[in-house]
Structures are given as structure tokens and as C-alpha cells.
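What follows is the residue order along each chain.
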Amino acid sequence: MSDPMNRALAHYERVTKKKATSIRLIQEGGNYIYKIDFIVALRIKKPNPTDDPFYSPNTEFRIIESLLSHNHDSPLPPLWAFDPRTGDKIEAWIPSKGNVHLRDDNGQFNIPAIYGVIDSIKEMHSVAPSIKDDFKFEQRYYSYKKKAGVSLPEGYERSVVQTASSVLRNSRQVISHNDLHEGNIILTESCRRAVYFCDFEFAAINGELFDLASLIEENNLDEITELLLIRYLGMNYAPSALYQMKVLVTALDGLWYYWAVGRYQDTANPRFLAIAQEKKERFLKAFRDSVDQG
């Protein structure tokens, strides 16, 4: 067996005090993810030169602990074990509905599922922060850019980053997941709640609109931005929020463009190159639109 698989088995057997009867690698991307005995998902952390300067296993653990202790119906799978030195983690396996997406192959929005995600975001944001570790948006942005060694239209980019940073800094500070692409959202079939979030490696304190911007940007939900803002903000919705959200979404396109270029340099995985191209095209479209409107 591979070293990561042996490490996974050792973790599982130490926690459960029994031998595993089955183990299967279900994902190898940024980390190794194993399904063991059909009851737990076990993550073995891989080195990540792009994100390791910003990643703290202790921060991830404290955020998960805060959310799980908040109530019995948290939007996280139950945690079995967490190694705050390495970030290796064992959590309950949550059965999902399979290939359920926020948009179907014809581009139609799955509104009930999307609303379920937003309601879980609101629940997560309702937990009072017990840590001060912040996401460091602007620092991350320019760190990723420096590592990537590429550039976007600089005057426009600088304005977008400054405005996004101001929006985040001056809004309510919450426990934020910060990486809500579909792969980190579990839509369940028979569990107590409809939506769970996983993979809290990027989690930190952040402005409240970041998670909603992440949901929109990562899953191409731009066309219904205002609808989702109203769902999240309710009576607190104001027209200025729409402008703020559009700036945040563009800033995230730039952030994840540089991140994906850096991850491609680290791994030579073409998946990251495809992500980089998509993010770059979205950012440049926003730039062209701003020129046309200006």
C-alpha cells in the first residue's frame, strides 16, 4: 500500500481501536481522501507550496470545533478526529444524492438547492467568532500573483482589489468557509439537513459577503446575483450590495486565477490550467465591460 494509505489506516485504527475492513481512495487532488468502512472520510494532507504560507491546521480545527459545538445540526459532517499538527482529518461520511449540481447541463438553476446552501451559509455566519485569524484577502491576492508570475490589466485590477478589500474590511466579520465550489458542498439524500460543507482549509474570519461571492463566482451563478443577495440579506438588502457583490466576484476571479496558475506550476495538473483559463476569461470580461461602460 502507498504511504498515504498506510497513514490513513493508522489514523483510522488509532481512533476506532479496530482494524479497517475496507478502504478506497475516492479523491486525489489537493489532498488524499479515503472512504473507510463506508462510515468515515479521511483526509491526508499534501504539501501545497501555494497555500501553505496561509494555512494553519490549528485555525481549521478551531473553526470546525466552534461550528460543531454551536448546535447539534451544524452544516458540517461530525468530526471523528483532527491532527492540528498536520491537518489530517477524519469525519463522518455523508451520503449524497450523487451528481446533483447547482446548475444542470442546460444551464438551468437548481434554486431549491442554491437556497439551501445560502441558508446554511447564514447559519454558519451566525456563530460568534472565537478566533481572530483572518483570510488576509489582499495579502493572499498579491502573494498568489507574485508566485504565478503573470498579470491582469493592472490599473483596473488595483481598483477592484482595493474596493473588494474595503468592502470586506468594513462589513460584519464572520466565520467564513471561503471556498464554496460545488465539490465542497454536499447535497444530502437522507440526513438531518439538506446541505453540508466540507474542506475548511481556507476557512477564516472574513467579511460576510465573501462566502456568497464565492458561491456565485465558483459556480457561475452571476445571472441571479440579486436574487441570492436578497435571500442572504433579507430586509437588510440595499442596492449598493449588488455593486459590492459584482466587485467581489471579479476580485475572486483574479484571486483564483493566480492561485490556479500557481497550483499548475506546483503540480503540472492540467485541471488547474483549465481553472486558470476560466477565471482569466471571466476577469477580462468584467474589464471589457467596465471599459464599455466608462
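Residues numbered from 1 in each chain as written. Predicted model: local features only at pLDDT ≥ 70, side-chain atom pairs only at ≥ 80, totals over all residues. Heavy atoms only, no water.

Draft legend 1. Examining the overall build of the protein more closely. Looking only at helices and strands, the protein has nine helices and nine strands in total. The C-alpha atoms of the protein give a radius of gyration of 19 Å, which matches the 19 Å a tight globule of 294 residues would have. In terms of principal-axis extent, the alpha carbons of the protein reach across some 65 × 45 × 40 Å. Looking at the protein as a whole, 51% of its 294 residues are labelled buried. In the form shown here, the protein has an accessible surface area of approximately 14100 Å², with 51% of it arising from carbon and sulfur atoms. Each charge class in the protein was averaged separately, 36 positive and 39 negative side chains, and the resulting centres sit 4 Å apart. (Helix = DSSP H or I, 4+ residues; strand = E, 2+ residues; numbered from the N terminus. Rg over C-alpha atoms; globule rule 2.2 N^0.38 Å. Buried < 20%, exposed > 50% of the residue type's maximum accessible area, 1.4 Å probe, protein only. Areas by Shrake-Rupley, 256 points an atom, 1.4 Å probe, with all protein chains shown as cover. Lys, Arg positive; Asp, Glu negative; His and termini not counted. Charge placed at Lys NZ, Arg CZ, Asp CG, Glu CD.)

Draft legend 2. Here's a closer look at a nonpolar patch on the surface. A cluster of nonpolar side chains, Val15, Ile39 and Trp80, forms an exposed patch at the surface whose accessible area comes to about 230 Å². Structurally, Trp80 can be placed in strand 4 (residues 79–82). For Trp80, a relative accessible area of 38% translates into the label partly exposed. (Patch = residues over 30% accessible without salt bridge, like charges linked within 9 Å, V, L, I, M, F, W, Y side chains within 5 Å. Salt bridge = Lys/Arg side-chain N within 4 Å of Asp/Glu carboxyl O.)

Draft legend 3. Main features of the packing of helix 4 (residues 137–148) against helix 8 (residues 240–267). Contact geometry for helix 4 and helix 8: axes closest at 8 Å, N-to-C directions at 40 degrees. Here helix 8 runs oblique to helix 4, going by the angle between their axes. Considering only the axes of helix 4 and helix 8, their crossing is left-handed. Residues Phe137, Arg140, Tyr141, Tyr144, Lys145, Lys147 and Ala148 of helix 4 lie in contact with helix 8, whose contacting residues are Ala251, Gly254, Leu255, Trp256, Tyr258, Trp259, Val261, Gly262, Gln265 and Asp266. Classifying every residue of the contact of helix 4 with helix 8 by side-chain character gives 10 nonpolar, three polar and four charged. (Axes fitted to C-alpha atoms, helices over the stretch in contact; angles between N-to-C directions. Parallel < 35°, antiparallel > 145°, perpendicular 65-115°, else oblique. Left-handed = near helix turned anticlockwise from the far one by under 90°. Contact = heavy atoms within 4.5 Å. Nonpolar A, V, L, I, M, F, W, Y, C, P; charged D, E, K, R; others polar.)

Draft legend 4. Expanded view of the environment of Pro49. With respect to the helices, strands and loops of the structure, Pro49 is situated in the loop between strand 3 (40–44) and helix 2 (57–70). Counting along the chain gives 217 residues from Pro49 to Asp266, while the straight-line C-alpha distance between them is 7.0 Å. Beyond its immediate stretch of four places on either side in the chain, Pro49 contacts Lys147, Arg263 and Asp266.

Draft legend 5. Just the sheet that holds strand 5 (residues 89–92), in detail. Pairing is antiparallel in the open sheet, where five strands are placed in the order 1-2-3-5-4. The strands lining the two open edges of the sheet, one partner per strand, are strand 1 (23–28) and strand 4. Across the sheet, the mean angle separating the axes of adjacent strands is 20 degrees when strand polarity is ignored. Here strand 1 runs beside strand 2 (residues 32–36); their pairing, made up of five bridges, is antiparallel. Bridging across to strand 2, Arg24 finds its partner in Lys35. Strand contacts of helix 1 (residues 3–16): strand 1, strand 2, strand 3, strand 4 and strand 5, with the helix running at about 130 degrees to strand 3, the strand carrying the most contacts. Strands in contact with helix 2 are strand 3, strand 4 and strand 5; relative to strand 4, the strand with the most contacts, it is inclined by about 160 degrees. (Pairing = 2+ DSSP bridges.)

Draft legend 6. Expanded view of the pairing of strand 2. Extensive coverage of strand 2 is indicated by the burial of five of its five residues. Between strand 1 and the antiparallel strand that follows it, strand 2, lie three residues. Inspection of the sheet shows strand 2 paired to strand 3 by five bridges, in the antiparallel sense. Bridged to Lys35 within strand 3 is Ala41. Remark: three residues form the turn of the hairpin made by strand 2 and strand 3, two consecutive strands paired antiparallel; Asp37 in that turn has positive phi of roughly 55 degrees.

Draft legend 7. Representation of the packing of aromatic side chains in the model. Within this structure, the stated rule accounts for 13 aromatic pairs. When the centroid spacing of 5.0 Å and the interplanar angle of 55 degrees are considered together, the rings of Phe135 and Phe210 count as tilted. Here the residue Phe135 occupies a position in the loop between helix 3 (111–125) and helix 4, and Phe210 occupies one in helix 6 (residues 209–218), the gap between them amounting to 75 residues. According to the relative accessible area criterion, Phe135 is buried, its value standing at 1%. For Phe210, a relative accessible area of 0% translates into the label buried. Taken together, Phe135, Phe137, Tyr141, Tyr142, Phe210, Tyr257 and Tyr258 form an aromatic cluster joined through their ring pairs. Cation over ring: Lys45 sits above Tyr55, and NZ or CZ is 4.1 Å from the ring centre. Lying over the aromatic face of Tyr32, Lys46 brings its terminal NZ or CZ to 4.6 Å of the ring centre. (Phe/Tyr/Trp six-rings, centres within 6.5 Å; stacked < 30°, edge-to-face > 60°. Lys NZ or Arg CZ within 6 Å of the ring centre and 35° of its normal.)

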